[in-house]
Amino acid sequence: MRRRGSTPWIYRWSRPLIAGIASIGAVGTGYLTVVKLTEGTAACPTGGCDVVLSSPYATAFGLPLTLFGFLGYLSMIIFAVAPLLVTSPKKKKLRAKLEQWTGLLLFLGGTAMAVFSSYLMYLLAFVIKAVCIYCVVSALLSASLFILSIIGRYWEDLGHLLFSGVVVAIVVLVGTLGVYANINNPQVAESNPYAVTTESGTAEVALAQHLTQQGAKMYGAYWCPHCQNQKQLFGKEASSQIDYVECDPSGEEPRPDLCQTAGIQGFPTWEIEGKLYQGEKTLAELANLSGYQGDRNFTNASEHGH
């Protein structure tokens, strides 16, 4: 048996540290879950958080992905503090048993979260191509939990630990790829569930033609609901006349190179007279920004404007 004085400090403090780190993660993912469910706008210094939250990767099984992240962090908190709640000297065996089992669960949970976060970082960098500070912080928190779950206690059988970790990592990776298997299917883009259904009035058509003549561009992604809302404002005929730039490589006639060159960080983004304007805009706002002097009796403004 080790004397308390000779026990490495990390063994004594790993569980409080894990609980603290997981609590930060739970607050962040909880906040993003509320934003996603209420269709709000996340407070994000990079401007890419809403792009990520509105992407098809932000939902799994019809629920916000952040909800699963919240549950993951909550589980890590429970696993970390469970043995610490057993303080009675008469229940040393119970505490030892809890430490053993929850120690393994912390490692397996940390492994799963680290693998999944790594995949999300890949998506951010190479697929969605947006910077979400919450996602990056969450990935760092997950990596910290994974490391602490390993170095935070003494392991007798490292071989069994390695085997368990590899199995969990494979299961998580295969499951993740399965959940997202159809997102990059070109047929998804073709069967866009956000097709424009509103009709265009003469004012909408005139504004769209004016914007095109002025060289204005609308940058967006086929899966972006805010982009579809913007198109609904114009209606079917007018929206088809807008110079729309598809930024997602899996979308129809994509031009991601133009989006990168323009420095697009959120969808939709309007480029009008060399200036970028991020977010949905009312038709009146677009008219003012572009110097439109024509008919402003917009048919869809009262129904879809904000």
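Here, the structure is the one placed above.
Residues numbered from 1 in each chain as written. Predicted model: local features only at pLDDT ≥ 70, side-chain atom pairs only at ≥ 80, totals over all residues. Heavy atoms only, no water.

(A) Looking closely at the overall build of the protein. Regarding its fold elements, the protein presents 12 helices and six strands. Scaling as 2.2 N^0.38, a compact globule of 306 residues should have a C-alpha radius of gyration of about 19 Å, whereas the protein reaches 25 Å, well beyond that. For the protein, the C-alpha atoms occupy an extent of roughly 85 × 35 × 30 Å along the three principal directions. The proportion of buried residues among the 306 residues of the protein is 42%. Across the protein, every contact between residues at least 6 apart in sequence was considered, and the portion connecting residues at least 24 apart equals 74%. Element-wise, carbon and sulfur atoms account for 62% of the exposed surface of the protein, whose accessible area totals about 16400 Å². (Helix = DSSP H or I, 4+ residues; strand = E, 2+ residues; numbered from the N terminus. Rg over C-alpha atoms; globule rule 2.2 N^0.38 Å. Buried < 20%, exposed > 50% of the residue type's maximum accessible area, 1.4 Å probe, protein only. Contact = heavy atoms within 4.5 Å. Areas by Shrake-Rupley, 256 points an atom, 1.4 Å probe, with all protein chains shown as cover.)

(B) Expanded view of a nonpolar patch on the surface. Taken together, Phe61, Leu63, Phe68, Leu71, Leu74, Ile78 and Val179 make up a surface patch of nonpolar side chains, about 640 Å² in accessible area. Take the nonpolar patch: its biggest share by element is four residues, from helix α3 (residues 65-81). Here Leu63 is to be found in strand β2 (residues 63-64). (Patch = residues over 30% accessible without salt bridge, like charges linked within 9 Å, V, L, I, M, F, W, Y side chains within 5 Å. Salt bridge = Lys/Arg side-chain N within 4 Å of Asp/Glu carboxyl O.)

(C) Fine view of the state of the cysteines. Under the defined criterion, the tally for this structure stands at two disulfides. Covalently, Cys44 is tied to Cys49 through a disulfide, its sulfur atoms 2.0 Å apart. Looking down the S-S bond of the Cys44 and Cys49 bridge, the torsion is 60 degrees, so its handedness is right-handed. The exposure class of Cys49 is buried, given its relative accessible area of 0%. The residue that forms a disulfide with Cys247 is Cys259, at a sulfur-sulfur distance of 2.0 Å. When the S-S torsion is -90 degrees, as for the bridge of Cys247 with Cys259, the disulfide is left-handed. Linking Cys247 in the loop between β4 (244-246) and α10 (256-262) with Cys259 in helix α10, this pair joins segments that are 12 residues apart in sequence. (Disulfide = S-S within 2.5 Å.)

(D) How the structure looks around the layout of surface pockets. In this structure, the second largest pocket encloses a volume near 880 Å³. Along its surface, the second largest pocket is lined by 41 residues, and Leu65, Phe68, Gly69, Phe116 and Leu120 are the ones closest to its centre. Of all elements in the fold, only α1 (9-38), α2 (49-53), α3, α4 (92-128), α5 (133-151) and α6 (158-179) reach the threshold of two or more residues within the lining of the second largest pocket. Per-element accounting of the lining of the second largest pocket gives the leading share, nine residues, to α4. Of the residues assigned to the lining of the second largest pocket, the class counts are 30 nonpolar, 11 polar and no charged. (1 Å grid on protein atoms, 1.4 Å probe; cavity = no way out; pocket = protein on both sides within 12 Å on 5 of 7 lines; lining within 4 Å. Points joined across faces, edges and corners; volume = space filled by probe spheres on them. Nonpolar A, V, L, I, M, F, W, Y, C, P; charged D, E, K, R; others polar.)

(E) How the structure looks around the nonpolar core. By size, the foremost hydrophobic cluster in this structure holds 49 residues, and its most contacted members are Leu207, Phe234, Phe267 and Trp270. When residues no more than four places from it in sequence are discounted, the contact partners of Trp270 are Leu211, Lys217, Met218, Gln230, Phe234, Ile242, Lys275, Leu276, Tyr277, Gly279, Lys281 and Leu286. In terms of nonpolar packing, the next biggest core, distinct from the first, is built from 15 residues, Ile10, Ile21, Ala22 and Ala80 among them. (Core = buried A, V, L, I, M, F, W, Y, C linked by side-chain atoms within 4.5 Å.)

(F) Layout of the packing of aromatic side chains. Across all of its chains, the model carries 10 aromatic pairs by this definition. Arranged with centres 5.1 Å apart and planes meeting at 70 degrees, the rings of Tyr57 and Tyr180 form a pair that is edge-to-face. Here Tyr57, found in the loop between α2 and β1 (59-60), pairs with Tyr180, found in the loop between α6 and α7 (186-190); they are 123 residues apart in sequence, far enough to count as distant. For Tyr57, a relative accessible area of 5% corresponds to the buried category. Look at Trp223 and Phe267: their rings are 5.9 Å apart centre to centre, the planes differ by 65 degrees, and that puts the pair in the edge-to-face class. Taken together, the positions of Trp223 in the loop between β3 (217-220) and α9 (225-239) and Phe267 in the loop between α10 and β5 (269-272) put the pair 44 residues apart, joining distant regions of the chain. Judged on exposure class, the residue Trp223 and its partner Phe267 are both buried. Joined through ring pairs, the aromatic side chains of Tyr57, Tyr119, Tyr122, Phe126 and Tyr180 make up one cluster. Taking the ring centre of Trp155 as reference, the NZ or CZ of Arg153 above it sits at 4.5 Å. (Phe/Tyr/Trp six-rings, centres within 6.5 Å; stacked < 30°, edge-to-face > 60°. Lys NZ or Arg CZ within 6 Å of the ring centre and 35° of its normal.)

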